[in-house]
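Given next are the chains, with one letter for each unit.
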Amino acid sequence: MKIARMAALAASVGLAATLAACGSMGGMLMGDSEAQAMAGMSGAPDADMQRVLDALAALGARPIESLSVAQARTQPSPDQAVMRVKNDMGMSTAADASVTTQNLMYPAGAGQQPARIYKPANATGTDLPVVVYYHGGGWVIADLDVYDATPRAMAKALNAIVVSVEYRKGPENKFPAAHDDANAAWRWVVQNAASWGGNPDNIAVAGESAGGNLALNVAISARDAGWTQPEAILAVYPIANADPMLASKMANTESLPLRTATLTWFGQYALRGPADQQDPRFNLVAANLRGLAPVTIVNADIDPLRDDGATLETALRSAGVRVERRIWEGSVHEFFSMADIVRDAREAQDWSFGRLRMALR
């Protein structure tokens, strides 16, 4: 990020804090949405979404950018907040037993990385569709356990084999280590899918946040290298635009669990330096997107990455790629995996999984 843009971003964060401190703007009455915007959020979370955020706060989670890497990796995460809410509601917190899992390792970088294969327990035959899934975490935090809910739900909804893959992270392994591992995982799944009962020619790619970026990059690499290409791409609130002045980044300086300053924190540890932000693998809106499979983009409204999705949609359409994008108001970053307790997440999964189902034979 260039110094001038960093200064502008810092000024916007300071302005949001000042306006929030002003409360009602000298006694002027504001509606809920306007008050949320003045407080550094682009809207007000729905009641079920707010319940998860309250649970996360009760667990002691703090803004990621206020923590060291070690602290950020071990503090309570949104999936744990979901478990607390489910427990409070008397719901089971056990993993859905209708989907089985198998943990394996795949060759990546100079060693190996974990992968988890999700498969419907009652699946029969040797020709199931396959989805390769990449989790989020800004290429710094999170793992397969934190992002268990989405691939599990996807395997059940699609009656498919879903392979959730781990990858190297910064600061130990900075950009482009995760992107290299994502490509290695894709090739490994294509080579081995048949042995798990899947059809490697009937395959899609998906990811959330940083993983949504990886999913698109895998599709680009497959096109350029002549590998098996995905039939469809699902990108859930993907990181796609390096511009810190996008409206959603200016508006969501206080949104949780992800806010604008958190993106800067991720970049500090995931990237080698400012030049990496202009690399088309990071700044996807500047990449060659022609010839990609149909893309589905899911965005939350109360999310600094909302307009990454908007500008990516525009870039994909300009490149002649079929793309559909929807925004869920009243929801925040990370909502997608919360379908058991958040209505917007159920709707988002039904819509996006439905589009994958139509693309996969």
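These numbers come from a predicted model, not from an experiment.

Chemist: Could you give an account of the pairing of strand E7 (residues 295-302), naming the residues involved and the relevant values?
Modeler: Burial runs high along E7: 8 of the 8 residues are buried. Examined bridge by bridge, strand E6 (residues 233-236) and E7 share 4 bridges and lie parallel to one another. In the strand pairing of E7, valine 236 is matched with valine 298. Pairing geometry for E7 and strand E8 (residues 323-332), over 7 bridges, is parallel. What sits directly across from valine 295, in E8, is valine 323. The handedness of the E7 to E8 crossover, carried by helix H11 (residues 306-318), is right-handed.

Chemist: Can you lay out empty space enclosed by the protein for me, pointing to particular residues and giving the numbers?
Modeler: Under the criterion given, the structure shown has 2 cavities of 30 Å³ or more. Estimates place the volume of the largest cavity at around 60 Å³. By volume, the second largest cavity is sized at about 30 Å³. Forming the walls of the second largest cavity are Met49, Val52, Leu53, Leu56, Pro78, Pro257, Val332, His333 and Met338. Residue classes in the lining of the second largest cavity are distributed as 8 nonpolar, 1 polar and no charged.

Chemist: Could you give me a rundown of helix H5 (residues 78-88), with the residues and numbers involved?
Modeler: When we look at burial in H5, the residues that qualify are Pro78, Ala81, Val82, Val85 and Lys86. Down the axis of H5, the buried set is contained in an arc of 140 degrees. They therefore lie on one face. On its buried side, H5 packs onto helix H3 (47-58). At the C-terminal side of H5, glycine 90 shows a positive phi close to 75 degrees.

Cut-offs applied
Residues numbered from 1 in each chain as written. Predicted model: local features only at pLDDT ≥ 70, side-chain atom pairs only at ≥ 80, totals over all residues. Heavy atoms only, no water. Buried < 20%, exposed > 50% of the residue type's maximum accessible area, 1.4 Å probe, protein only. Helix = DSSP H or I, 4+ residues; strand = E, 2+ residues; numbered from the N terminus. Pairing = 2+ DSSP bridges. Right-handed = clockwise from strand over helix to strand, strands pointing away. 1 Å grid on protein atoms, 1.4 Å probe; cavity = no way out; pocket = protein on both sides within 12 Å on 5 of 7 lines; lining within 4 Å. Points joined across faces, edges and corners; volume = space filled by probe spheres on them. Nonpolar A, V, L, I, M, F, W, Y, C, P; charged D, E, K, R; others polar. Arc of directions from axis to C-beta. Contact = heavy atoms within 4.5 Å.

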